[in-house]
Amino acid sequence: MQLPDDSRQLMAMEAATLRSLQLAEAALSQIKQQIGSLRSSLARLECEKFWMKFKLRYVQWASAIRKWLTLPEWMRLLLWTSGGITLAVGLAITVGSAAAIVGLILGCMVALMSAFPSDAALLSLRERITDRLPRLLESRRQLLTELARKKEQLSLAQRQLQTVRGTLEEIRRSRLRRLAVLASADWRSLRGERFEQFLIHVLNELGYRTYHTGKSGDQGVDIICERQGYKIAVQVKGYANSVGNDAVQEAYSGKAFYQCDGCAVITNNVFTSGARELAEKVGCVLIDQTTLPDLIFEKIDLIELSRTIQPRSQGAA
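A. Expanded view of the packing of aromatic side chains. According to the stated counting rule, one finds 4 aromatic pairs in the structure shown. Geometrically, the ring pair formed by Phe50 and Trp51 is edge-to-face, given 5.3 Å between the ring centres and 80° between the ring planes. For the ring pair Phe195 and Phe198, a centre distance of 6.3 Å and an interplane angle of 15° mean the geometry is stacked. On the criterion of helical spacing, the pair formed by Phe195 and Phe198 is a turn pair, its members being 3 residues apart in helix 5 (residues 192–205). The residues Phe195 and Phe198 share a single accessibility class, namely buried. Ring pairing ties together the aromatic residues Phe50, Trp51 and Phe54, which thus form one cluster.

This is the structure we're talking about:
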């Protein structure tokens, strides 16, 4: 897959792919829920089919038994019950108690089938089964067809999800390689405008729109960076020595001049305690040589930091 060279296009592609991944995961989850619902419905139909066939078999056996004797129901019940008892006694005498119990159970079952339910109820039950069973089998067939279709959709959705995940991983690996190149550069030795150009490259790679103010009349701000409508005034210090509170004052003043939402000072060295104290008071983000790699690898975010740092005293600069 050909990936764009432009960092903002690559980030936009990553965001679009991530949205596609979320949609694919949602679609996969929905299909799984539908398959679960179909399986539950199929299980209920299978249970109903089992009992329907059991009742049909009962009707068939009971009808066959009743054809042998054209007697009233109570007489058939009495006849088959007494016959079962007689059979049980005979088996108990000749074979044993186990056979007698089996014979008694069979006799009682035949007696039950010969009388219960009534002939009219048995006929009605047969009609209901004859009417319901074909429709039940057709519903089962439709469910099986729909289940097979959903399983095909599930397989397709899983392949699509795997493809989107692969694309997202490739994009992220590409971005990580590009950020690793920046992080491994000798940025600690850069001074002045060379460090400013390096940071512009970093910020562009992180998806910011940047404006380099230049040296003359910059009002204490070297870079204006913007993302998602949030603007930050950045004072850049490529220094061999530690950075004092003057840089924080310049960044804070430049924030008001350029009407930015936040301000930051970024250095490839360290800050003095005075600079850190003033930055805490005015709400200025400080990035030094220990946290710059975290900025490059997106472990920290200028916008999130700027939003979370609240100035303790307005006008402290």
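That was the structure; now back to the text.
B. Quick look at the pattern of salt bridges. Under the defined criterion, the tally for this structure stands at 16 salt bridges. We note a salt bridge from Arg132 to Glu48, for which the minimum N-O separation is 2.9 Å. Of the two residues, Arg132 sits in helix 4 (residues 119–183) while Glu48 sits in helix 1 (residues 7–68), which places them 84 residues apart along the sequence. Assessed through its relative accessible area of 23%, Arg132 is described here as partly exposed. Via salt bridges that share partners, Glu14, Arg172, Arg175 and Glu298 belong to a single interconnected network.

C. Here's a closer look at helix 5. Spanning 14 residues, helix 5 covers 20 Å between terminal C-alpha atoms, matching the ideal 20 Å at 1.5 Å per step. Among all positions in helix 5, only Phe195, Glu196, Phe198, Leu199, Ile200, Val202, Leu203 and Glu205 are buried. Directly beyond the C-terminal end of helix 5, a positive phi value near 95° is found at Gly207.

D. Broad picture of the sheet that holds strand 5 (residues 285–287). The strand order across the open sheet built from 5 strands is 1-2-3-4-5, with neighbouring strands paired in mixed fashion. Unpaired on one side and paired on the other, strand 1 (209–212) and strand 5 mark the two borders of the sheet. Between one strand axis and the next, the sheet turns by 25° as a mean value, whatever way the strands run. In terms of strand pairing, strand 2 (residues 223–227) meets strand 3 (residues 230–237) through 5 bridges, oriented antiparallel. When the bridges of strand 3 are listed, Cys225 appears paired with Ile232.

E. Expanded view of the side chain of Lys150. With respect to the helices and strands, the residue Lys150 is situated in helix 4. Despite its burial, Lys150 pairs with no opposite charge, the nearest such side chain being Glu146 at 4.3 Å. Contact partners of Lys150, with chain neighbours within four places excluded, come to Ile31, Gln34, Ile35 and Leu38.

F. The state of the cysteines, seen in detail. With the rule as written, the count across this model stands at 0 disulfides. Cys225 provides the cysteine sulfur closest to Cys260, a residue in no disulfide bond, and the two sulfurs are 8.1 Å apart. With no disulfide of its own, Cys284 lies 3.7 Å from the sulfur of Cys263, the closest cysteine sulfur.

How each quantity is defined
- Residues numbered from 1 in each chain as written.
- Predicted model: local features only at pLDDT ≥ 70, side-chain atom pairs only at ≥ 80, totals over all residues.
- Heavy atoms only, no water.
- Phe/Tyr/Trp six-rings, centres within 6.5 Å; stacked < 30°, edge-to-face > 60°.
- Helix = DSSP H or I, 4+ residues; strand = E, 2+ residues; numbered from the N terminus.
- Buried < 20%, exposed > 50% of the residue type's maximum accessible area, 1.4 Å probe, protein only.
- Salt bridge = Lys/Arg side-chain N within 4 Å of Asp/Glu carboxyl O.
- Expected span 1.5 Å × (residues − 1).
- Pairing = 2+ DSSP bridges.
- Axes fitted to C-alpha atoms, helices over the stretch in contact; angles between N-to-C directions.
- Lys, Arg positive; Asp, Glu negative; His and termini not counted.
- Contact = heavy atoms within 4.5 Å.
- Disulfide = S-S within 2.5 Å.

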